[in-house]
Amino acid sequence: MDLQLNGTVAIVTGAGRGLGRAAAEALVGEGARVVAAARSAGALEDLAAGSGGGIHPVRCDMRDAAEVAGLVDVALECFGRLDCVVNNAGIAPAGTFLDQDLEVLAEVLAVNVIAPAVLSQAAARHFVAAGGGGSIINVGSTSSLKGKALLAAYSASKGALARLTEALAAEWARHGIRVNLIAPGAFATEAQAQVMADDKMLAARLRKIPMRRMGEPAELGPLVCYLASPLASFATGACFVIDGGEVSKL
């Protein structure tokens, strides 16, 4: 199936590793060019090196609103257009909320909610000025749907991202701008490294997933590409859960 992404341009945040890297690689595989943003310059350079010129790496602090909004200008300067934004960057510090400093909550909200809002606004302003259209894909979590113990700040942020997605989809649909949320479950990334390194913890985690396995990062890429594509022209304000069936049995 031709997803009609050849020649399009996307911004992917948190692209240095895990799901963000998989999203960037999948988009390039479909012919898109990608501005890949992350904190780690080394990981970005490695990603760009294997892209055949399809990826422009940008080191970006997601807590800096000016840097985040500036990614739109980078895309326009490097590739001359912008068609899609993938708000993937996020942090998930674990711990009991009774003992957690509220500065942790503020930082999680800054990275997981404010940064996507800033980049979405900057991209949407460009989309409107360019005549409308464009796709914004927010990467949430199954925590966007259900709060999780020891992840209060993260759960709050991902729930907020889900509501932001719906609100912007409703507001911007008249401009042809689509805004959707992907809610991944447990994927075999660095975020699950501690669980995967402990056989008992891994077995307990997998028992919660009907498919009895974690997802592979590459399994997220096709969904990102579909939502970025004109073929998803009637999809907006939706939450696409990809979790091996875990939420369905809660």
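Right above here is the structure, for reference.
Below is a short write-up of the structure.

Cut-offs used in this document
Residues numbered from 1 in each chain as written. Predicted model: local features only at pLDDT ≥ 70, side-chain atom pairs only at ≥ 80, totals over all residues. Heavy atoms only, no water. Salt bridge = Lys/Arg side-chain N within 4 Å of Asp/Glu carboxyl O. Helix = DSSP H or I, 4+ residues; strand = E, 2+ residues; numbered from the N terminus. Pairing = 2+ DSSP bridges. Axes fitted to C-alpha atoms, helices over the stretch in contact; angles between N-to-C directions. Contact = heavy atoms within 4.5 Å. Disulfide = S-S within 2.5 Å. Buried < 20%, exposed > 50% of the residue type's maximum accessible area, 1.4 Å probe, protein only. Left-handed = near helix turned anticlockwise from the far one by under 90°. Nonpolar A, V, L, I, M, F, W, Y, C, P; charged D, E, K, R; others polar.

Enumeration according to the criterion identifies 9 salt bridges in this entry. Between Arg 163 and Glu 166 there is a salt bridge, and its shortest N-O distance comes to 2.9 Å. Taken together, the residues span about one helical turn, with Arg 163 and Glu 166 both in helix α5 (residues 152-172) at a distance of 3 residues. Through salt bridges with shared partners, one network takes in Arg 21, Glu 25 and Asp 46.

On to the sheet that holds strand β5 (residues 135-139). Pairing is parallel across the open sheet formed by 7 strands, whose spatial order is β3-β2-β1-β4-β5-β6-β7. With one partner strand each, in any of the chains shown, β3 (55-59) and β7 (239-242) form the two edges of the open sheet. Strand-to-strand twist of the sheet, defined as the mean angle between neighbouring strand axes without regard to direction, takes the value 15°. Sheet topology places strand β1 (residues 9-13) next to strand β4 (residues 84-87); 3 bridges connect them, and they run parallel. Residue pairing across strands places Ala 10 opposite Cys 84, the latter belonging to β4. Strands β1, β2 (33-38), β3, β4 and β6 (178-184) of the sheet are contacted by helix α1 (residues 18-29), whose axis makes an angle of about 170° with β1. With respect to the sheet, helix α8 (residues 221-228) is in contact with β4, β5, β6 and β7, its orientation differing from that of β6 by roughly 170°.

Another aspect to go through is the state of the cysteines. For the structure shown, the criterion picks out 0 disulfides. Cys 60 forms no disulfide, and the closest cysteine sulfur to it belongs to Cys 78, at a distance of 13 Å. The structure places no disulfide on Cys 239, whose sulfur is separated from the nearest cysteine sulfur, that of Cys 84, by 17 Å. By relative accessible area, which is 36% here, Cys 239 ends up partly exposed.

Examined against the element boundaries, His 56 turns out to sit in strand β3. Taking the relative accessible area as the measure of exposure, His 56 reaches 29% and is therefore partly exposed. Sequence separation of His 56 and Arg 33 is 23 residues, and the distance between their C-alpha atoms is 8.0 Å. For His 56, the residues in contact, after removing those within four places along its chain, are Val 34, Val 35, Ala 36, Val 74, Cys 78 and Phe 79.

Next up on the list: the packing of helix α3 (residues 65-79) against helix α4 (residues 102-129). Running from N to C, α3 and α4 cross one another at 35°; their axes reach a closest spacing of 8 Å. Along this stretch, α3 crosses α4, giving a crossing that reads as right-handed. Here Ala 65, Val 68, Ala 69, Leu 71, Val 72 and Leu 76 of α3 lie close against α4, whose contacting residues are Ala 115, Val 118, Leu 119, Ala 122, Ala 123 and His 126. Across the contact of α3 with α4, the residue classes tally to 11 nonpolar, 1 polar and no charged.

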